[in-house]
Amino acid sequence: MDDAAKAAPKPLIWIGDSREMVRSFPDTVRSEVGVALYQAQLGGKHVSAKPLRDIGSGILEVVSDRRGDTFRAVYTVRLAGRVYVLHAFQKKSKMGIATPKPEIELVRQRLKRAIEIHAAWEKQNG
């Protein structure tokens, strides 16, 4: 077994409505996102997880296509010891592959919130 398979999964922290949004995805998409998040919890990276460069390092986006629809889940591994799911959504625009600006702004806001939550957790458990 490799080290990732032996490691205890890092806690998964959902920010905002990200959990409810993932639960609303079609079953196949929800399964792919779930596997990707679990791999992140073990310290790995799913083949569908790509860096979300608009925000900075340690922010990844899982992109899953199903029947012409695109679903995305954004998470961060930037904060030690935990995986924070920042946002999940269905991409509505049919133009281009870029993540829409309003979604990027929401991810930025939720990243700030995750940093606050993480700092409080570290202070309490430090």
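For the structure given in this document, a descriptive report is provided here. (Residues numbered from 1 in each chain as written. Predicted model: local features only at pLDDT ≥ 70, side-chain atom pairs only at ≥ 80, totals over all residues. Heavy atoms only, no water.)

## Looking at the sheet that holds strand β5 (residues 83-91)
Pairing within the open sheet is mixed, and its five strands lie in the order β1-β5-β4-β3-β2. The sheet is open, and its two edges are formed by β1 (12-14) and β2 (49-51), each paired on a single side. Across the sheet, the axes of successive neighbouring strands diverge by a mean angle of 35 degrees, strand direction being ignored. In this structure, β2 lies alongside strand β3 (residues 59-66), joined through three bridges in antiparallel fashion. (Pairing = 2+ DSSP bridges. Helix = DSSP H or I, 4+ residues; strand = E, 2+ residues; numbered from the N terminus. Axes fitted to C-alpha atoms, helices over the stretch in contact; angles between N-to-C directions.)

## Topic: unusual backbone geometry
A positive phi angle, close to 50 degrees, is found at R67, a residue other than glycine. Position of R67 relative to the elements: it lies in the loop between β3 and β4 (69-76).

## Quick word on the environment of S24
Tracing the backbone shows S24 in helix α2 (residues 18-24). Owing to a relative accessible area of 51%, S24 belongs among the exposed residues under this scheme. Separated by 36 residues in the primary sequence, S24 and L60 have C-alpha atoms spaced 20 Å apart. In terms of polar contacts, S24 uses its side chain to reach the backbone carbonyl oxygen of M21, at 2.6 Å. (Buried < 20%, exposed > 50% of the residue type's maximum accessible area, 1.4 Å probe, protein only. Polar contact = N/O pair within 3.5 Å; in protein donor to acceptor, adjacent residues only side chain to side chain.)

## Here's the deal with the packing of aromatic side chains
Throughout the structure, instances matching the rule amount to one aromatic pair. Here F25 and F71 contribute two aromatic rings whose centre-to-centre distance is 5.0 Å and whose plane-to-plane angle is 55 degrees, an arrangement assigned as tilted. Of this pair, F25 sits in the loop between α2 and α3 (27-41) while F71 is found in strand β4, placing the two residues 46 residues apart along the sequence. We classify F25 as buried; its relative accessible area is 3%. (Phe/Tyr/Trp six-rings, centres within 6.5 Å; stacked < 30°, edge-to-face > 60°.)

## Some thoughts on α3
Spanning 15 residues, α3 covers 21 Å between terminal C-alpha atoms, matching the ideal 21 Å at 1.5 Å per step. Among the residues of α3, those classed as buried are V29, V33, A36, L37, A40 and Q41. Around the axis of α3, the buried residues are gathered within 145 degrees of arc, so they sit on the same side. Away from its buried face, by an angle of more than 90 degrees, α3 presents the exposed residues D27 and T28. Along its buried surface, α3 packs onto β1, α2, β3, β4 and β5. Positive phi appears at G43, one or two residues downstream of α3, with a value of about 95 degrees. (Expected span 1.5 Å × (residues − 1). Arc of directions from axis to C-beta. Contact = heavy atoms within 4.5 Å.)

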